[in-house]
Amino acid sequence: MCLRLLSLVLWATLVQVSQTNVKISPPKAFMDGDVIIGILSSVHSTIDNLQDRVRPEEFTCSNFDQISFVRMLAAIYTIDSINEANFLPGVRLGYAVYDPCADATKALHSVEQMLSTNGSLPVMDDYSEFRPQVKVILGARYSLLTIPVAKLLSLYLFPQISTTSSAVVLSDKLKFPGFLRVIPSDVYQSEAMVELIRDFEWNWVGLVSMDDDYGKGIHQRFLKDAEEAGVCVAYEHVIPHYLGHAESKKLIKEVAKKIKHSDAQVVIVVLRPELVKVLFEEMINSSTTRIWIASDAWSRSTDVATMKDIDKVGDILGFSFISGKITGFEQYLENLPDFIEEYKQLKIDCPADSPEVCSRPNADYLVKNIELPLFYGERLAIWSIAHALKELLGCNETFCPGDTNFPPFQLREKLQKVNFTLDGKTHFFNKDGDFKDGYDVIMWEPDGDHRRAEIPVSRCSPPCPPGSSKKVSNVSCCYSCTLCIEGYYSDRPDEDDCHPCPNDTWSQKGWTKCEPRTVKYLQWSDPYPIALLVGVGVGLLLLIIVFVCFIVYRNTVLIKSANLLMSCFMMVGLAVSFGSVVLFMGEPSIHLCRAQQTMYALGFTLCVSCILVKAIRTFLAFMAFDPVRHHRLKKIYKPLIIMVLATSVQGLVCVFWLIYDTPDVDQTPPSNQSMIHVLQCSEGSNVGFGVMHGYIALLALICFLLAFKGRKVPHDFSETGIIIFSMLIHLFVWLCFIPIYITKNESRPIVQASAILVSNYGIIFCHFIPKCYRAIWGKNTTEQIRAGLLKFSELSKRTSVDSGLKDLVMDSGSHCSVSFALPPFKSSESLTDSGFLPTSRHLSLTSASPQSTSPSAEDLSFNLSHADFVFVTTAPEGPTALERPVMAVRQRLRRRSM
């Protein structure tokens, strides 16, 4: 970027300063481009001997103005930044800088040079096709120069943008159709001055202005606004705007005397900085202190702020256009090695005979001594031109197809309609061609021997940041800041109230904007649903393997003892229960919500009902020790009926649940503290949900109690242990589920699906897997059966084995008869039906005493011939009368088998 300033460096070496008398040619800096921006920058503030001018010869400028100089650099820096950013693809901006030396006549001369083609300015009747190289002009600094330039450019409808000229008359689009500015009109500055005075409760002020359009505009407007506001003007003076005027200094001294002798302690000053310096010198010399209110023309003047003894004039308030930071501009100024050396030579007055005594400032002199935010207007103006060009040239992301040699009036049309955002703020020109950004109020504070401009802070309370609102106490200016609650926001500072979020959006506490909530449910692709689906798949695979195993080994004693029919129903129930887990995935709907609860309820209830049948069978085996109760209970032992009835009750519960308060998608709004909207199923009626789970828990508890009661039955042939353990797993899982389900609202689907899987796997690994293992790899021999029977018989306190009927095993084809002496019973019962032995052909004979009447051999023959197991019990006193008939039948069977 520094290389692009080579032409500017060459031009700067020719600049005439106040300490030299070398006359120079008209200075200008130029960088070629597809579209040239003309810049009027009064780098010098005075034309020497203007009042003595008798020939239309070349002007001689003096008094280097570093404010205008840096303002020009800000414009050039912005142009280079736009080019580097490739904002206008394929189009480069150039510039041509002219120095009007703060004079209107010189400014018109500079404009003629910008508009000339082939060395002259053409005179035409119709300028519709007038295409000068310069397409738009930036400047001038003062309204005094801007007004005649704007009047000339109105002939061509040529676009002109100013960053500082605030005269009221420039808003007249009839007179100045091509003029635009990135600042408000002085109409608003006058109103702001009056408001400031009223805020301090002042009503007696003085007014000093200059005789150009800028000064006259504010002067007249202030008098009108002050009268309406009840503010009185103690005196008003107008002095010439040109410092070289013969009467200027004389008039300033008279004004200084008037100010000193007036009892008005506040003075409104609408002057250029060089005039203010002369006035303040008089004030310092006369030791006069006042409160000064500065217009925008000098409120941030470095020349005034660095005057000697400036602190002695009193407090200075003022108005400045809203400023901002130009990113990277400080580094830009600090890294101009060749150019900054030229600037040092211009700025420092070295003795001609001793140049070595020069005390040169550092490279960051400009950064430290000039308020760079003051030049933010140049950034706004150049960017507005760039946006207008983008529209005019039809630029897209890669190319600008329009013709860059366009008539300037076409750019004017686009500029008036431009609307763009820069540094987070939207900018546009109103119908008068003005920005309406308002003003900053400036207060000069002591800074060593000088003054520096600062925005005064005089507040009862600090401003409330965005995301909060004011909570006013007794005085409207005194308040505390309260963060916006959930669902409300504020996007600007010092909001009186927070605004509610619009539909379908929400905010957290202290937010500056509202955002849509994130919808969340169990996605198929999420990790945990994938884990659940894997669990379902593995579970169903295990059920298939178990079913195949049970079918293949259905004739074994072990599988017969497991009751194949009930086991198959259990597998069906578990498969349905596994299927309900799949319905927890995906976006919930009313049908899915109904199906997932109903499938689990009926499927798992069917499984537990089958376990209940097995538990009753085991309990009947245990009740064989109590023949009377055993006989009564056996009458109601109907496996299929028990299973159907137990499952049907759950079905009725589900029907009533679905009819009266069915499960549905939960419409409860998310928590105020959450930005996540969790979609999940609601249970509808808590009663229905509780009864459904409570009924399953009740069946499981009954199974547990029955199995626990009959736990002394031999484990080789009963299922007491696995029933106890599987039901404990189920009850423990769902007891843990209840508090988690209540407290972890957003995790309900995951918790319930996990609980279903654990319960299902508990039954699979307790009831099926061990049996499959023993059926495939175990040896279910009669020796194991006998060993189990011995173990069971030893558990009785009154065990007695009859030596005459000791173990007898006989192979009779497809039948096996076993006789064994057990403790005495009062009636004959079937231990196998009670779960003691596998379901097979059997006969149990008992005798309460040796004198019991024995059945005949004929009565026993049929039963024994169709029995796999025969139990013969006897009293401890000795063999029963059953011995002889049984032995006779054995002989018959033995002969038949032979």
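Computed from a predicted model, the values in this text were never measured in an experiment.

Thresholds, definitions, all that
- Residues numbered from 1 in each chain as written.
- Predicted model: local features only at pLDDT ≥ 70, side-chain atom pairs only at ≥ 80, totals over all residues.
- Heavy atoms only, no water.
- Salt bridge = Lys/Arg side-chain N within 4 Å of Asp/Glu carboxyl O.
- Buried < 20%, exposed > 50% of the residue type's maximum accessible area, 1.4 Å probe, protein only.
- Helix = DSSP H or I, 4+ residues; strand = E, 2+ residues; numbered from the N terminus.
- Disulfide = S-S within 2.5 Å.
- Contact = heavy atoms within 4.5 Å.
- Patch = residues over 30% accessible without salt bridge, like charges linked within 9 Å, V, L, I, M, F, W, Y side chains within 5 Å.
- Areas by Shrake-Rupley, 256 points an atom, 1.4 Å probe, with all protein chains shown as cover.
- Axes fitted to C-alpha atoms, helices over the stretch in contact; angles between N-to-C directions.
- Parallel < 35°, antiparallel > 145°, perpendicular 65-115°, else oblique.
- Left-handed = near helix turned anticlockwise from the far one by under 90°.
- Expected span 1.5 Å × (residues − 1).
- Bend = angle between axes of the 7 residues up to and from the residue.
- Phe/Tyr/Trp six-rings, centres within 6.5 Å; stacked < 30°, edge-to-face > 60°.

Undergrad: I keep staring at the pattern of salt bridges and nothing clicks. Help me out?
TA: Opposite charge on two side chains permits pairing when their charged atoms draw close. Scanning the entire structure with this criterion turns up 15 salt bridges. Salt-bridge contacts for R131 lead to E129; the nearest nitrogen and oxygen are separated by 2.5 Å. Exposure remark for R131: the relative accessible area of 31% places this residue in the partly exposed category. In this structure, the salt-bridge partner of D423 is R379, at a minimum N-O distance of 3.0 Å. Here D423 is found in the loop between β14 (419-422) and β15 (425-428), whereas its partner R379 is found in helix α13 (residues 376-392), with 44 residues between them in sequence. Given the relative accessible area of 46%, D423 is considered partly exposed. A single salt-bridge network, built from bridges that share partners, covers E191, R221 and D225.

Undergrad: I tried to follow the state of the cysteines on my own but got confused; where do I start?
TA: A disulfide bridge is the covalent bond that connects two cysteines by way of their sulfur atoms. Applying the stated criterion across every chain yields a total of six disulfides. Each sulfur in the disulfide pair C464 and C481 lies 2.1 Å from the other. With the S-S bond torsion at -95 degrees, the cross-link from C464 to C481 turns out left-handed. Residue C464 is found in the loop between β17 (450-454) and β18 (468-472), and its partner C481 is found in strand β19 (residues 479-483); the two are separated by 17 residues along the sequence. By relative accessible area, which is 0% here, C464 ends up buried.

Undergrad: In this structure, what is going on with the environment of V678? I would like to understand it.
TA: In this fold, V678 is placed in strand β24 (residues 676-678). The spacing of V678 and T518 is 160 residues in sequence and 8.2 Å in space, taken between C-alpha atoms. The residues touching V678, leaving out its near neighbours within four places in the chain, are K520 and E746.

Undergrad: Sorry, what's going on with a nonpolar patch on the surface here?
TA: A surface patch of nonpolar side chains, about 430 Å² in accessible area, is lined by I544, F547, V548, I551 and V552. If you trace the backbone, I551 turns up in helix α15 (residues 527-552).

Undergrad: Before we go on, may I ask you to explain unusual backbone geometry in this structure?
TA: What is expected of a backbone is that most residues other than glycine have negative phi and most peptide bonds are trans. Here the amide bond leading from G139 into A140 is cis, since omega sits at 0 degrees, within 30 degrees of zero. Of note in this structure, D494 is not a glycine but carries a positive phi near 60 degrees. In this structure, D494 sits in the loop between β20 (488-489) and β21 (499-500). Among the residues examined, D494 registers a relative accessible area of 23% and is labelled partly exposed.

Undergrad: I tried to follow the packing of helix α3 (residues 104-115) against helix α4 (residues 143-153) on my own but got confused; where do I start?
TA: Any two packed helices are characterised by the angle at which their axes cross and by the distance between the axes. Remark: α3 packs on α4, axes separated minimally by 9 Å, with the N-to-C direction vectors making an angle of 40 degrees. Relative to α4, the element α3 is oriented oblique. Once α3 is placed against α4, the crossing between them reads as right-handed. Counting all contacts with α3, which are made through A104, A107, L108, V111 and L115, the residues of α4 involved are L144, L145, P148, V149, L152 and L153.

Undergrad: Looking at this model, I keep getting lost on helix α23 (residues 748-777). Mind explaining?
TA: For an α-helix, the turn length of 3.6 residues means that residues three or four places apart are oriented alike. In this model α23 runs 42 Å from its N-terminal to its C-terminal C-alpha over 30 residues, within 8% of the 44 Å that 1.5 Å per residue would give. The largest bend along α23 measures about 35 degrees and falls at F765. Burial runs high along α23: 21 of the 30 residues are buried.

Undergrad: Even after reading the chapter, I still don't get helix α7 (residues 248-261), so can you show me in this structure?
TA: Between its terminal C-alpha atoms α7 stretches 20 Å, which fits the 20 Å expected from 14 residues at 1.5 Å a residue. Looking at the buried positions of α7, the neighbouring elements they touch are β9 (204-210), β10 (232-239), β11 (266-270), α8 (273-285) and β12 (291-294).

Undergrad: I would appreciate a short explanation of the environment of Y242 in the present structure.
TA: Within the secondary structure layout, Y242 lies in the loop between β10 and α7. Residues Y242 and L275, spaced 33 residues apart in sequence, show a C-alpha to C-alpha distance of 8.3 Å. With residues up to four places along the chain from it excluded, the contact list for Y242 reads I47, L50, Q51 and S248.

Undergrad: What's the story with the packing of α15 against α23 in this structure? I'm lost.
TA: With their axes 10 Å apart at the nearest point, α15 and α23 run at an angle of 25 degrees to one another. In terms of axis orientation, α15 runs roughly parallel to α23. For the crossing formed where α15 meets α23, the hand is left-handed.

Undergrad: Sorry, what's going on with the packing of aromatic side chains here?
TA: Using the criterion set out here, one finds 24 aromatic pairs in the structure. Ring centres 4.7 Å apart and planes at 90 degrees place the aromatic pair Y127 and Y156 in the edge-to-face group. Of this pair, Y127 sits in the loop between α3 and β6 (134-138) while Y156 sits in the loop between α4 and β7 (160-162), and the two are 29 residues apart along the sequence. Overall, Y156 belongs to the buried group, its relative accessible area being 8%. Between W298 and W444, the aromatic rings sit 5.9 Å apart at their centres with planes inclined by 70 degrees, giving edge-to-face as the arrangement. Of this pair, W298 sits in the loop between β12 and α9 (302-305) while W444 sits in strand β16 (residues 439-447); the two residues are 146 residues apart in sequence, bridging distant segments of the chain.

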